[in-house]
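Take a look at the letters that make up each chain.
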Amino acid sequence: MPLHSLYWFTQDLRITDNQALFASQNSETLTCIYIVDPRKFKALRWQLASLGPHRWSFIQDSLSDLSAQLHMLGQRLHVYYGEPETIIPRLCHQYHLNHLICTRLPGSDEKRQLRTIQASLPQLKIEQFDNYTLFEAEHLPCSTETLPETFSGFRRQAEAADVKEPLRQADSLPLMPKLFALPAIQRPSWVPIHPSCNTSFKGGETEAQRHLAKYFSGTQAQHYKASRNELDGWQNSSKLSAWLNQGCLSPRQLKFSLNQYEQSHGENDSTRWLYLELLWREYFQWLHSKIGTRLFHFKGLAKNAPLTSFYPERFKKWCHGQTPYPLVNACMNELRTTGYLSNRGRQIVASCLVNELSLDWRYGAAWFEHQLIDYDVAINWGNWQYIAGVGVDPRGGRHFNLEKQTELYDPLGQYRKKWGGTNAGPLDSVDAADWPII
Ligand code: FAD
């Protein structure tokens, strides 16, 4: 039967190393869509919207770039606004589409959406491709069910496994169905328009490739291990996460650029460490597939729930850089202003929320979800669980000594000065009985 395919773009906003797009070459017709879901802008869980201005701006840039790339292959990208569970069945009915192609994502929301679509269209053939991970489900060194409980167990198997070479881009793509009437889709009023963001990251595959080439054209990768923990500095880590997580760049493309770099500059501890971090990314993806919604449970993977609670005033102060801890405040100010924070900065503020402020870690994770330009559900919630002591950390949580971290990573106060990190006074304005503290 001829396939009339609908390609639903999600976190795979690229045309190179895109197995789903490559496979769509065999279809009779092809329709490419991206769906902007209103639920992402609503404060539903944790009283915070999932999608904040930094990432939304990055996604819009990525969509413009993807649209231009598809145009060169004779295709078009149609952006729809609404819930995928409603839009996809409607389009399939309207244009007699019998095949849905998309990238496999570990997220529980994404899985539920696909189940709902399949239930409303049982005849629809749904094909998912592993475009978001280094390994494909069938070639994973272990099955999802037998995924090791710690990263080191996974790492041992993954380091010995081969990663497939990235695919070249499809030569040409099938055309849209003849009857496909281009809908004049107006941008609905619920789609926020933000003033331009103060960030160094510009979305899109073109930018991703440019940044990747630039990173490996210098010597930074040679010193990655020593510099990755610095709080500030564009060159200190690869800064590729935002492109990886919207799929403007594939992890395989990063791995192969790293291999080429090692061939010409030599392999060392730093280049190996960079791959190790990419394996952490990978581990969290398959872990989320395995544990599902336990990623969001207060007690996570632990036997007992943490001894923390929720204090609205403390949480507000943490979000807005108003705690008694100048280094934490500087980090939180950088995060709010740019949508990015170094790995060390993320660890410091997460540890502070859990240990100094005694707050429920999930509110911190939700604030990161809203703010981060490189947010990824599995990595973010997995790292938060780890620091809160309810994740895959065999040592059971992390408590960073704030004074020591300040001495080590901001001895001259430059970072605190740059991001306005000062001591904002006492944490609580009321005591446990709700009396004002004078
Ligand atoms: P590099 O240091 O250059 O690392 C290369 C790549 O390896 C990264 O792009 C990323 O894909 C991966 N990586 C690096 N560190 C980690 C890590 N600790 N766990 C998993 N993968 C890693 N990263 C995200 O991509 N999205 C998130 O939502 C996210 N939330 C985090 C929340 C907390 C509380 C913490 C402690 C870390 C979080 N990280 C997250 C991991 C890490 O901080 C970022 O990946 C990194 O800072 C991105 O900068 P980079 O691309 O320069 O990383």
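Up top is the structure these notes are about.
Residues numbered from 1 in each chain as written. Predicted model: local features only at pLDDT ≥ 70, side-chain atom pairs only at ≥ 80, totals over all residues. Heavy atoms only, no water.

**Overview of the packing of aromatic side chains**
Following the criterion strictly, the structure yields 28 aromatic pairs and no others. Between phenylalanine 201 and tryptophan 243 the ring centres are 5.8 Å apart and the planes differ by 55 degrees, which places this aromatic pair in the tilted class. Within this pair, whereas phenylalanine 201 is found in the loop between α5 (151-160) and α6 (205-217), its partner tryptophan 243 is found in helix α8 (residues 241-246), the two being separated by 42 residues in sequence. Overall, tryptophan 243 belongs to the buried group, its relative accessible area being 2%. Plain terms: the ring middles of tryptophan 280 and tyrosine 283 are 6.3 Å apart, the flat faces sit at 70 degrees to each other, and that makes the pair edge-to-face. Taken together, the residues span about one helical turn, with tryptophan 280 and tyrosine 283 both in helix α10 (residues 269-291) at a distance of three residues. We note that tryptophan 280, like tyrosine 283, is buried. Grouped by ring-pair contacts, the aromatic residues Trp46, Phe296, Phe310, Phe315, Trp318, Trp361, Tyr363, Phe368, Trp381 and Trp384 constitute a single cluster. The ring of tyrosine 275 is capped by lysine 255, whose NZ or CZ atom sits 4.0 Å from the centre of that ring. The ring of tyrosine 132 is capped by arginine 281, whose NZ or CZ atom sits 4.5 Å from the centre of that ring. (Phe/Tyr/Trp six-rings, centres within 6.5 Å; stacked < 30°, edge-to-face > 60°. Helix = DSSP H or I, 4+ residues; strand = E, 2+ residues; numbered from the N terminus. Buried < 20%, exposed > 50% of the residue type's maximum accessible area, 1.4 Å probe, protein only. Lys NZ or Arg CZ within 6 Å of the ring centre and 35° of its normal.)

**Focus: the site of the ligand**
Neighbouring the ligand are 27 residues, the closest being Tyr224, Ser237, Ser238, Lys239 and Asn343. In the environment of the ligand, a nitrogen atom lies 3.4 Å from a nitrogen or oxygen atom belonging to the backbone of arginine 281. Side-chain polar atom of arginine 346 to an oxygen atom of the ligand: 3.4 Å apart, as the coordinates give it. With the chains in place, 98% of the 820 Å² that the ligand exposes on its own is no longer accessible. Sort the elements by how many residues they give to the shell around the ligand and α10 lands first, with six residues. (Near = heavy atom within 4 Å. Polar contact = N/O pair within 3.5 Å; in protein donor to acceptor, adjacent residues only side chain to side chain. Areas by Shrake-Rupley, 256 points an atom, 1.4 Å probe, with all protein chains shown as cover.)

**So, the pattern of salt bridges**
Per the counting criterion, the structure on display carries 24 salt bridges. Of the charged contacts in the structure, one is a salt bridge between aspartate 17 and arginine 252, with a shortest N-O distance of 3.2 Å. Remark: arginine 252 occurs in helix α9 (residues 251-265) and aspartate 17 occurs in the loop between β1 (4-9) and α1 (19-23); sequence separation between them is 235 residues. A residue is classified by how much of its surface remains accessible, and aspartate 17, at 1% relative accessible area, is buried. By relative accessible area, which is 1% here, arginine 252 ends up buried. Among the salt bridges present, the one from aspartate 130 reaches arginine 104, with a minimum N-O distance of 2.7 Å. You can see aspartate 130 sitting in the loop between β5 (125-129) and α5 and its partner arginine 104 sitting in the loop between β4 (99-103) and α4 (108-120), a full 26 residues away along the chain. (Salt bridge = Lys/Arg side-chain N within 4 Å of Asp/Glu carboxyl O.)

**Some points on the sheet that holds strand β2 (residues 29-36)**
Judged by pairing direction, the sheet is parallel, and its five strands sit side by side in the order β3-β2-β1-β4-β5 without closing on themselves. Each edge of the open sheet carries a strand with a single partner, namely β3 (77-81) and β5. Neighbour-to-neighbour, the strand axes of this sheet turn through a mean angle of 30 degrees, independent of strand direction. Where β1 lies against β2, six bridges are found, and the strand directions are parallel. In the sheet register, serine 5 faces β2, and the bridge partner there is leucine 30. (Pairing = 2+ DSSP bridges. Axes fitted to C-alpha atoms, helices over the stretch in contact; angles between N-to-C directions.)

**Notes on α9**
The end-to-end C-alpha separation of α9 is 21 Å, in line with the 21 Å expected for 15 residues at 1.5 Å each. The set of residues buried in α9 consists of Pro251, Arg252, Gln253, Leu254, Lys255, Ser257, Leu258, Asn259, Tyr261 and Glu262. In the segment just after α9, glycine 266 is the residue with positive phi, at about 95 degrees. (Expected span 1.5 Å × (residues − 1).)

Geometric values such as these leave the question of function open.
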